[in-house]
Amino acid sequence: MGMYTELVMAARLKCTTPSNIVDILYYMVGEYEKCPVKLPDHPLFGTERWEFMLDMGSCYFVGDTCTKLMSKPHGCVTVWDLTVRCNLKNYDSEIELFLDWICPYLDSSCHGFIGYFRYEEYDDPTLIYYDSDVRGGQIQLMRIMEGCICEKIPLSEWLDRLK
């Protein structure tokens, strides 16, 4: 069977996000049958479930899986809003690797809390923050355990701990 982890997040992508990144996201949310572009060199794309992770669900979390990538006019440019609610077997740290991959494309308007992920057997989630004040932007994770808030940990440090 396996255990599931729920990911819920909402973020805006920079208007300068390359079209190949947008195309990969459209593929991941189920808009394309085949990935229309060459994949970048990133550990996410070496995992087993990356292709379907944003469109996966199970009976272990109440509510529908719903992930959307919507283009919106913003002044004289187009931006993309990504809304994710999915749950998957996060055995290869797909969620953390997805956050690492998408981080450089997050818009500074996302500054602050952008979502959470929660393991099926835990009541408390891990909160996801985006700090646009750090050069290039940085994802930070905050684990909550038994109602106690732990300090924010940069995603890069979190990934190092998983190795």
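Residues numbered from 1 in each chain as written. Predicted model: local features only at pLDDT ≥ 70, side-chain atom pairs only at ≥ 80, totals over all residues. Heavy atoms only, no water.

Asks: Please explain the confidence of the model for the protein as it appears in this structure.
Replies: For the protein, the mean per-residue pLDDT works out to 87, and 93% of the residues sit at or above 70. By mean pLDDT, the top-scoring element of the protein is helix α2 (residues 94–102) (96), and the lowest-scoring one is strand β7 (residues 148–154) (76). (pLDDT = per-residue confidence, 0-100. Helix = DSSP H or I, 4+ residues; strand = E, 2+ residues; numbered from the N terminus.)

Asks: Please explain the pairing of strand β4 (residues 112–119) as it appears in this structure.
Replies: The side chains of a regular strand alternate, first on one face of the sheet and then on the other. Where strand β1 (residues 5–13) meets β4, 5 bridges bridge the pair, whose relative direction is antiparallel. Pairing of M9 across the sheet is with G115, part of β4. The loop that links β4 with its antiparallel partner strand β5 (residues 126–131) comprises 6 residues. (Pairing = 2+ DSSP bridges.)

Asks: Looking at this model, I keep getting lost on the packing of aromatic side chains. Mind explaining?
Replies: For any pair of aromatic rings, the description consists of the separation of the ring centres together with the inter-plane angle of the planes. Taken as a whole and judged by the stated rule, the model has 9 aromatic pairs. Their ring planes at 85 degrees and their centres at 4.9 Å tell us that F45 and W50 sit as a pair that is edge-to-face. The class of F45 is buried, set by a relative accessible area of 12%. In this structure W50 comes out as buried when scored by relative accessible area, which is 5%. Consider the rings of F117 and W158, whose centres lie 6.2 Å apart with planes at 90 degrees: the pair is edge-to-face. One end of the pair, F117, is in strand β4; the other, W158, is in helix α3 (residues 155–162), with 41 residues separating them in the sequence. With respect to class, F117 is no different from W158; both count as buried. Of the aromatic side chains, those joined through ring pairs into one cluster are Y27, F45, W50, F98, W101 and Y105. (Phe/Tyr/Trp six-rings, centres within 6.5 Å; stacked < 30°, edge-to-face > 60°. Buried < 20%, exposed > 50% of the residue type's maximum accessible area, 1.4 Å probe, protein only.)

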